[in-house]
Amino acid sequence: MHRVGSAGNTGGSSRPRKEKRFTYVLNDADNKKHCAGINCLSYLNASASGTSDYLFTGSRDGTLKRWEFQNGNANFSATFESHVDWVNDAIIVGQNLVSCSSDTTIKVWNNLSDGACTKTLRQHSDYVICLAAAEKNSNIVASGGLGGEVFIWDLDAALAPVAKSVDAKEDDIPNGNPGPALSTLCNVNSSGNISSTNGKSHGYSPIAAKGHKDSVYALAMNDTGSLLVSGGTEKVVRVWDPRTGTKTSKLRGHTDNIRTLLLDSTGRYCLSGSSDSMIRLWDLGQQRCVHSYAVHTDSVWALASTPSFAHVYSGGRDQSVYLTDLATRESVLLCTNEHPILQLSLQDDTIWVATTDSSVHGWPAEECTPQKVFQKGSSFLAGNLSFSRARASLEGSAPVPVYKEPSLTIPGVPAIIQHEIMNNRRHVLTKDTAGSVKLWEITRGAVIEDFGKVSFDDKKKELFEMVSIPAWFTMDARLGCLSVHLDTPQCFSAEIYAVDLNVSGAQEDLKINLAHETLRGLLVHWSKRRPKPGSHSLSNGDGSIGKDVSLKNLPHPRSDVDDGTENHASNVLPSFEFSTVSPPSVITESSSGGPWRKRITDLDGTEDDLPWWCVDCAENNRFPKENTKCGFYLHPAEGSPAPNITQGKLSAPRILRILKVANYVVEKLVLEKPLDGSPDSTFAMGLTSGQSQLSALDSSSRLGLKPWQKLKPSVEILCNNQVLSPEMSLATVRTYIWKKPEDLILNYRVVQSR
């Protein structure tokens, strides 16, 4: 996923400032469901919540969701949305839900709230992969990630209110925007030491457990918070005292990355799962491995133990969940899934399974009496060498699963895995994990046609249009849904005639800027709720971009703008109206450098971190005027008796249709008044200081000629000796017919008189 760049340059820098990117994420029609793989699970019992049992799921779609269990069903309860990249882990800590993400942040939420983020903690330099907490100490949380960093957080201190300052302002913003980056808050003092002026969490700095040289994939902590274990790409289990961040021991034995860890309540025994397909049981007191279990045929990614720590459920890349007796080494295949298993959560008589799919499955299990499971299936004795289990599988002795179907499923929607931007730059063709092919209209965030399970490539060819529109946005599907990225000024390069959007009452030559109207549609709720100051000065201190644009030059019918900016902001063209049932989410960067995400219907007008250029566009209708002209030459075709009506290079909008070029030629031939122009002149009529009227090519229909008069005589326009369709634009001709970097050359010839 694209990481949002810095909002501005440093003081005194002469380099051009790279403006903040603005991204919007198109949500599925059923936004109560995840649309990408589930990376993590966390369970809250009714005894702790005081109401019901809840399951929290964190997804690669960047959101967390809360599910409430009632009458044997899991009902959607809330969405927690603020992360801008994959949610990698989540844990319950007292009354808080703590999550970590590939956006390098840790976020804290009230676990029974409506989904508002209460705090964002920023200390990691890379993806944050794993979290751990003490069962009996709801104040201690550990985090680890790809930067090789392990931090131990005092949650009370990190969440404590601080005196308001310029840097601290962000944590008062309802969307939970993250704080300033460490790089902007650390200074080197006169002695050469690094000192933190305000920390990433505004005065509080976590304890750093230093020792890892590479990525950390797994953490576990005992109940009291006096022992922490970590593992990663170094293939060793490191043991720490989280109270001081000191390393106490290092355990070797695995031959590949350590992906998951468990500690018993006392902190004496540790279970580890690795990409070497082995599960190992460690005695931390003796600092040695006491047992190895060859249960899986591929990487072990998830472990969940019974309360007594006598049995363990395990899952991984082989898509299978096994139950193993740690004392007798007896194992049984509980179930198989269709996707690799990422995390397990054992609650009562259900083992919840998170996979790379967007659905979550609950399988029957015995939390207190796991022996009953062994009685239902064919068990085997786990070996102590990884190749023994793999060899048994290859020889056809793979066990039969105890259960064929899950007892409960929380369904998700299929993730988008393939997409293609259509040539009209408004439609995108997608294919999801279920094989369904759909056509999206990104200017209003809706699926306009569902083709079902058809060939993606065949449908792409079928929908091909010979049109050329500038690439005004970029796109990815990293979150399992479409994320559309807008960067200024290039996003304002695409125009389209209003009549092509079926705008009621629009003049024939009225042009619509796609990015301008899209931004207005996305920010209409924000604009309506935003307090209207006496002036249009922007709260982030940025100025406007040049002179005000006259209302009569705005790409809207006059009736839409007569009442001023406030009225204008609320009038959104139908082709740019986004759904309020499944609204898109916007992603941008806070003024301190941290990204945030929020649904457009939740924008309350207080978000002062929106890029200034988006605000200026949506509220004041000001945006950079990109070069939308196309230069070309217009000459009689070879052998044609028609006179030469132009001299030098002409210029017209790229979207101008060949029909209007032909109409212009007809008019000139009828009037018998060839243009007396100079080389490389702009082909326009009525240019006056400070005001640009429509070009002659773009306004030929306003010279008083009726449609039937435009056909006398009939003219064909050619390029490269090919007769052009009247519906083609100059840009289309240049892209598909001319195919040269030099200026376009068009020819005309008279074919008949009527």
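All figures in this text were calculated on a predicted structure; none of them were measured in a lab. (Residues numbered from 1 in each chain as written. Predicted model: local features only at pLDDT ≥ 70, side-chain atom pairs only at ≥ 80, totals over all residues. Heavy atoms only, no water.)

So what exactly am I meant to see when it comes to the sheet that holds strand β32 (residues 408–410) here?
Backbone hydrogen bonds hold the strands of a sheet together, and the pairing may be parallel or antiparallel. Ordered by their spatial adjacency, 4 strands build an open sheet running β28-β29-β30-β32, and the pairing between neighbours is antiparallel. Both edges of this open sheet fall to β28 (341–347) and β32, since each of them pairs with a single strand only. In this sheet, adjacent strand axes meet at a mean angle of 20 degrees when their direction is disregarded. Pairing geometry for β28 and strand β29 (residues 350–355), over 6 bridges, is antiparallel. Across the sheet, residue Ser345 finds its bridge partner in β29, namely Trp352. (Pairing = 2+ DSSP bridges. Helix = DSSP H or I, 4+ residues; strand = E, 2+ residues; numbered from the N terminus. Axes fitted to C-alpha atoms, helices over the stretch in contact; angles between N-to-C directions.)

So what exactly am I meant to see when it comes to the nonpolar core here?
Across soluble globular proteins, you tend to see nonpolar side chains buried next to one another. Grouped together as the largest cluster of nonpolar side chains are 48 residues, with contacts concentrated most on Phe22, Tyr24, Ile442, Leu486 and Trp613. For this core, the secondary-structure elements that each account for two or more residues are β1 (22–26), β38 (482–486), α6 (514–522), α7 (524–529) and α9 (612–620). In terms of residue count, the dominant contributor to this core is α9 (6 residues). With residues near it in sequence (within four places) discarded, Leu486 still touches Arg21, Phe22, Tyr24, Trp472, Phe473, Cys491, Leu519 and Trp613. Formed by 29 residues, the second largest nonpolar core is a distinct cluster that contains Ala642, Val665, Val666 and Cys719. (Core = buried A, V, L, I, M, F, W, Y, C linked by side-chain atoms within 4.5 Å. Buried < 20%, exposed > 50% of the residue type's maximum accessible area, 1.4 Å probe, protein only. Contact = heavy atoms within 4.5 Å.)

Which parts of the structure should I look at to understand the UniProt feature "repeat: WD" (unreviewed entry) in the protein?
Following the UniProt record, one finds the feature "repeat: WD" (unreviewed entry) at residues 52–77, 121–156, 209–250 and 251–292. Secondary structure within residues 52–77 divides into 0% helix and 73% strand; the distance between the first and last C-alpha atoms comes to 11 Å. The distance separating the terminal C-alpha atoms of residues 121–156 is 12 Å; by composition the span is 6% helix and 64% strand. (UniProt positions renumbered as here; feature names shortened; annotations may be inferred.)

Could you clarify how one ought to interpret the pattern of salt bridges in this entry?
Charged atoms that come close allow side chains of opposite charge to pair. Scanning the entire structure with this criterion turns up 22 salt bridges. With a shortest N-O distance of 2.7 Å, Arg597 and Glu81 are connected by a salt bridge. One end of the pair, Arg597, is in strand β42 (residues 595–599); the other, Glu81, is in strand β5 (residues 73–81), and 516 residues separate them in sequence. Both residues of the pair, Arg597 and Glu81, count as buried. One salt bridge connects Glu619 with Arg530, and the closest N-O pair in it is separated by 3.6 Å. Here Glu619, found in helix α9, pairs with Arg530, found in the loop between α7 and α8 (565–570); they are 89 residues apart in sequence, far enough to count as distant. On the basis of relative accessible area, Glu619 is assigned to the buried category, the value being 10%. Here Arg530 falls in the buried class, since its relative accessible area comes to 12%. (Salt bridge = Lys/Arg side-chain N within 4 Å of Asp/Glu carboxyl O.)

I keep staring at a positive patch on the surface and nothing clicks. Help me out?
Together, Lys213, Lys247, Lys250 and Arg252 make up a region of like positive charge exposed at the surface. Note that Lys250 resides in strand β19 (residues 246–252). (Patch = residues over 30% accessible without salt bridge, like charges linked within 9 Å, V, L, I, M, F, W, Y side chains within 5 Å. Areas by Shrake-Rupley, 256 points an atom, 1.4 Å probe, with all protein chains shown as cover. Lys, Arg positive; Asp, Glu negative; His and termini not counted. Charge placed at Lys NZ, Arg CZ, Asp CG, Glu CD.)

What is the right way to read the side chain of Ser582 from this model?
The residue Ser582 is located in the loop between α8 and β41 (585–589) in this model. Not counting residues up to four positions away in its chain, the partners in contact with Ser582 are Asn27, Asp28, Ala29 and Asn31.

Could you clarify how one ought to interpret α9 in this entry?
Every α-helix carries 3.6 residues per turn, so stepping three or four residues along brings you back to the same face. Summarising burial for α9: 9 of the 9 residues are buried, a large majority. Three or more residues of α9 are buried, namely Trp612, Trp613, Cys614, Val615, Asp616, Cys617, Ala618, Glu619 and Asn620. Asn621 lies just past α9 and shows a positive phi near 55 degrees.

Please explain the sheet that holds strand β7 (residues 96–101) as it appears in this structure.
Here 4 strands make up an open sheet; going across it, the order is β6-β7-β8-β9 and the pairing antiparallel. On the outer flanks of this sheet lie β6 (87–93) and β9 (117–122), each paired with one strand and no other. This sheet shows a mean twist of 20 degrees between the axes of neighbouring strands, independent of strand direction. Pairing of β7 with strand β8 (residues 105–110) involves 5 bridges; the strand directions are antiparallel. Following the sheet pairing, Val98 is matched in β8 by Val108.

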